[in-house]
Amino acid sequence: MAAKKPNVLAASRNDPELRPAAPRDPALLLVSDWQMARYVSMLLCRVQQRLESRLVNPGIQVLAADSPTQVQERAARTQGGPREYAVAREAEVFAMTEALKFQDSIPDVAATSLLGAIAKLEMIVGADRDIGDPTDFPWPHIASVLRDLKAIAGDFPVGRPSRERTRSDVARHWESAVKLVAALKEEDAAECRGDVVVL
């Protein structure tokens, strides 16, 4: 089954567990989608890290009659090998890219409430927590304004991601990653055979 291209703002509109309780402020819908994308990317990051650690340390032979080669082969079959690790790594990249696309759309989405403006600031401050140094100007200042606004207006409602939506998003990114890894493998094989001219 082909993966559907995600609609940037529509994803959370139909998910009752993520739908904001406040009026349909586009900024609240955006922050909900952004939170979901970040959550999925963190899940995929954990999967990737587990597979990476299994590749680095495939198992310790503990008083077994098996040879070291048999232990490594069994570990590769049961725990995933380099291909599965590559797929997990690419799936995480797809999920993080989706979260970054939501962040990039902040200037294009108009908040229609004070909570919507708070949501946009939350995304900005949250993005800085992921990639920058939150002690440099203007981040402490923006975080201060965000705290003040939340104290005055309250915080925006935070939904709990549904398992169905989480599984669907993970599956969508995983499927894209499987296709990418397969295409890269085929491309490498074609180059080795001399079928591809590299410019």
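How each quantity is defined
- The residue count restarts for each chain, going from 1 along the sequence in the order it is written.
- The model is predicted, so local features are restricted to residues of pLDDT at least 70 and side-chain atom pairs to those at 80 or more, both for listing and for counting; the totals for chains, interfaces and linings are taken over all residues.
- With hydrogens and water set aside, each side-chain value is computed from the structure's full complement of heavy atoms.
- Confidence of the predictor at the level of single residues is given by pLDDT, which spans 0 to 100.
- Counting from the N terminus, the helices are DSSP H or I runs at least four residues long and the strands are E runs at least two residues long.
- Two residues form a contact once any of their heavy atoms are found within 4.5 Å.
- Any carboxyl oxygen of Asp or Glu that lies within 4 Å of a side-chain nitrogen of Lys or Arg is treated as forming a salt bridge with it.
- The rule is simple: take the accessible area with a 1.4 Å probe, protein chains only, and divide by the maximum for that residue type; under 20% is buried, over 50% is exposed, in between is partly exposed.
- Among the buried residues, those of types Ala, Val, Leu, Ile, Met, Phe, Trp, Tyr and Cys that are joined through side-chain atoms within 4.5 Å form a nonpolar core.
- Nitrogen and oxygen atoms within 3.5 Å of one another constitute a polar contact, given that in protein one can donate a hydrogen and the other can accept it, and given that sequence-neighbouring residues count only through two side-chain atoms.
- Comment: axis = line fitted to C-alpha atoms, over the contacting stretch for helices; angle = value between 0 and 180 degrees taken between N-to-C directions.
- The crossing is said to be left-handed when, going from far helix to near helix, the turn is anticlockwise and less than a right angle, and right-handed when the turn is clockwise.
- Each residue is assigned to one class: nonpolar for Ala, Val, Leu, Ile, Met, Phe, Trp, Tyr, Cys and Pro, charged for Asp, Glu, Lys and Arg, and polar for all the others, Gly among them.

Visitor: Help me out: how do you make sense of the confidence of the model for the chain in this one?
Guide: Detailed reading of predicted coordinates is not advised where the pLDDT is low. Looking at the chain, pLDDT values average 78 and 71% of them are 70 or higher. Mean pLDDT values for the elements of the chain range from 53 in helix α2 (residues 68-79) up to 93 in helix α3 (residues 82-104). This model gives residues 1-22 a pLDDT under 50, and the stretch forms 47 contacts once residues within four places in sequence are excluded.

Visitor: Sorry if this is basic, but what is going on with the pattern of salt bridges here?
Guide: Pairs can form between side chains of opposite charge once their charged atoms are near each other. In total, this model carries eight salt bridges according to the counting rule given. For Asp 169, the salt bridge is made with Arg 172, and the minimal N-O distance between the two is 3.2 Å. Placement of the pair is Asp 169 and Arg 172 together in helix α6 (residues 163-193), with a separation of three residues, close to one helical turn. Residue Asp 169 shares its accessibility class with Arg 172, and that shared class is buried. Ionic pairing is found between Glu 175 and Lys 179, a salt bridge with its closest N-O pair at 3.3 Å. In this pair, Glu 175 and Lys 179 are both assigned in helix α6, four residues apart and thus about one turn of the helix distant. According to the relative accessible area criterion, Lys 179 is partly exposed, its value standing at 48%. Where salt bridges share partners, they join Asp 33, Glu 98, Arg 165, Asp 169 and Arg 172 into one cluster.

Visitor: Looking at this structure, how should I read the environment of Ser 41?
Guide: Structurally, Ser 41 can be placed in helix α1 (residues 26-56). Judged by its relative accessible area of 3%, Ser 41 falls in the buried class. For the pair Ser 41 and Phe 94, spaced 53 residues apart in sequence, the C-alpha to C-alpha distance is 8.1 Å. For Ser 41, the contacting residues outside a window of four places in its chain are Glu 92, Ala 95 and Met 96.

Visitor: I tried to follow the nonpolar core on my own but got confused; where do I start?
Guide: Note that soluble globular proteins tend to have their nonpolar side chains buried in a common cluster. One finds Leu 30, Val 31, Trp 34, Phe 102, Met 123 and Phe 156 to be the most contacted residues of the largest nonpolar core, which totals 19 residues. At the level of secondary structure, the elements contributing two or more residues to this core comprise α1, α3, α4 (114-131) and α5 (139-153).

Visitor: What's the story with the environment of Gln 48 in this structure? I'm lost.
Guide: You can see Gln 48 is positioned in helix α1. Given a relative accessible area of 9%, Gln 48 falls into the buried group. Expressed as a C-alpha distance, the spacing of Gln 48 and Arg 89, which sit 41 residues apart in the sequence, is 5.5 Å. With sequence-adjacent residues up to four places away left out, Gln 48 is seen in contact with Tyr 85, Ala 88, Arg 89 and Glu 92.

Visitor: Just to check I follow, could you spell out the side chain of Glu 122 for this structure?
Guide: Among the structural elements, Glu 122 can be located in helix α4. Within the structure, Glu 122 has its side chain in polar contact with the side chain of Lys 150 (distance 2.6 Å).

Visitor: Before we go on, may I ask you to explain the packing of α1 against α6 in this structure?
Guide: How two helices sit against one another is set out by the angle between their axes and by the gap between those axes. Running from N to C, α1 and α6 cross one another at 65°; their axes reach a closest spacing of 10 Å. As α1 packs across α6, the resulting crossing turns out to be right-handed. Residues Asp 33, Met 36, Tyr 39, Val 40, Leu 43, Leu 44 and Val 47 of α1 touch α6, and the partners they reach there are Arg 165, Thr 166, Asp 169, Val 170, His 173 and Trp 174. Each residue belonging to the contact of α1 with α6 can be placed in one class, and the counts come to eight nonpolar, two polar and three charged.

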